[in-house]
Amino acid sequence: NYIIGAFKPPCDIFVTFYDERTRKQVAIKKDNGKTAMVPSFQSLDTIAGEVSIAPVPGKRLEHTGVKIEMLGQIVRELEVPGEIYERKTYPFEFATVEMPYDSYNGTNVRLRYILKVTIGRNYVGNIVETRDFCVRNYSPVPTINNSIKMEVGIEDCLHIEFEYSKSKYHLKDVIVGKIYFLLVRIKIKNMELEIRRRESTGSGPNTYVESETLAKFELMDGAPVRGESIPVRLFLTPYELTPTFHNINNKFSVKYYLNLVLVDEEDRRYFKQQEITMYRLVETPQSS
């Protein structure tokens, strides 16, 4: 028991946001793989709340200062060097903070926003407590959103034409389109539509690309005939999508693709990939 107690922090630290109860909560994945609900903010919001430090009853906490950091760049001194004998609460506020990049948890890269409280100590390790929060920025509806029309095929064997109603989609959108079979001389077994995410990290020769299939939707089961038209209607709400990210802080990019896959009776796969743009629309009762 004495050994366990020697490594136990001499205080508890609590970080709370003033508007935590009324602010929207979103799920994020923690380092231990578990999911936690955290408050969501957007760029130029004010991050304000309280830090409470509660020493172990009957103990005093000697320190060289208490501070809170946001993003590891903005620092607020909460307390000059001294001692804490009983619970103390410090208000904090980071006003209209620029947070241009969304929180992101990908395969090889993660963008996090953290409040970090540090109690400095001279002869033993500092005491540190962190509190995650989430940033989600919103985009207006694109003024230009062209449809996608393409023809693809194998000479004298297969010729199809596919059309999607637009090329930019919000995260709760519906992909609507049609697939036309102009020439079919291959015995097609089925056809499906995939949503693929391509994550690029690094730059130049050190760029590493990871692709992931987030959704598979069967469009057709059985052999099509010439002149047949197959409708496409894929709801995006069930899938964990993010906006498209372009070269975030020169660290990573995230792109999305619609991948049309045809499989013949010999299990050969034919596919055509088309990039689409994803964005986050302001959530209202109508558009959520």
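- Labelled according to an unreviewed UniProt entry, the protein chain appears under the name Vacuolar protein sorting-associated protein 26A, originating from Dichanthelium oligosanthes.
- As its UniProt record puts it under Sequence similarities (unreviewed entry), the protein chain is described as follows: "Belongs to the VPS26 family."
- Among the UniProt annotations of the protein chain, the heading Subunit (unreviewed entry) holds the following wording: "Component of the retromer complex which consists of VPS29 (MAG1), VPS26 (VPS26A or VPS26B), VPS35 (VPS35A or VPS35B or VPS35C), VPS5/17 (SNX1 or SNX2A or SNX2B). Component of a retromer subcomplex consisting of VPS29 (MAG1), VPS26 (VPS26A or VPS26B), VPS35 (VPS35A or VPS35B or VPS35C)."

A closer look at the pairing of strand β3 (residues 35-41)
Argument step 1. Sheet topology places strand β2 (residues 25-29) next to β3; five bridges connect them, and they run antiparallel. By the bridge assignment, Q25 is partnered in β3 with P39.
Argument step 2. Taking the residues between adjacent antiparallel strands as the criterion, β2 and β3 are bridged by five residues, where G33 takes a positive phi near 90°.
Argument step 3. The pairing of β3 with strand β13 (residues 127-135) spans two bridges and is parallel. In the sheet register, F41 faces β13, and the bridge partner there is V135.

Digging into the sheet that holds strand β4 (residues 47-55)
Hydrogen bonds along the backbone pair up the strands of a sheet, which may run parallel or antiparallel.
Argument step 1. Taking strand neighbours across the sheet as the criterion, the three strands line up as β1-β4-β9 in an open arrangement whose pairing is antiparallel. Each of the sheet's edge strands pairs with one partner strand only, and the pair in question is β1 (11-17) and β9 (88-94). Strand-to-strand twist of the sheet, defined as the mean angle between neighbouring strand axes without regard to direction, takes the value 20°.
Argument step 2. Strand direction decides the pairing type here: β4 and β9, joined by seven bridges, are antiparallel. Pairing of E50 across the sheet is with P91, part of β9.

Some details on the pattern of salt bridges
Argument step 1. Following the criterion strictly, the structure yields 16 salt bridges and no others.
Argument step 2. D45 is the partner of R23 in a salt bridge, and the nearest nitrogen-oxygen pair spans 3.4 Å. Of this pair, R23 sits in the loop between β1 and β2 while D45 sits in the loop between β3 and β4; the two residues are 22 residues apart in sequence, bridging distant segments of the chain.
Argument step 3. Residue classification places D45 among the buried positions, given a relative accessible area of 18%.

Cut-offs applied
- Residues numbered from 1 in each chain as written.
- Predicted model: local features only at pLDDT ≥ 70, side-chain atom pairs only at ≥ 80, totals over all residues.
- Heavy atoms only, no water.
- UniProt positions renumbered as here; feature names shortened; annotations may be inferred.
- Pairing = 2+ DSSP bridges.
- Helix = DSSP H or I, 4+ residues; strand = E, 2+ residues; numbered from the N terminus.
- Axes fitted to C-alpha atoms, helices over the stretch in contact; angles between N-to-C directions.
- Salt bridge = Lys/Arg side-chain N within 4 Å of Asp/Glu carboxyl O.
- Buried < 20%, exposed > 50% of the residue type's maximum accessible area, 1.4 Å probe, protein only.

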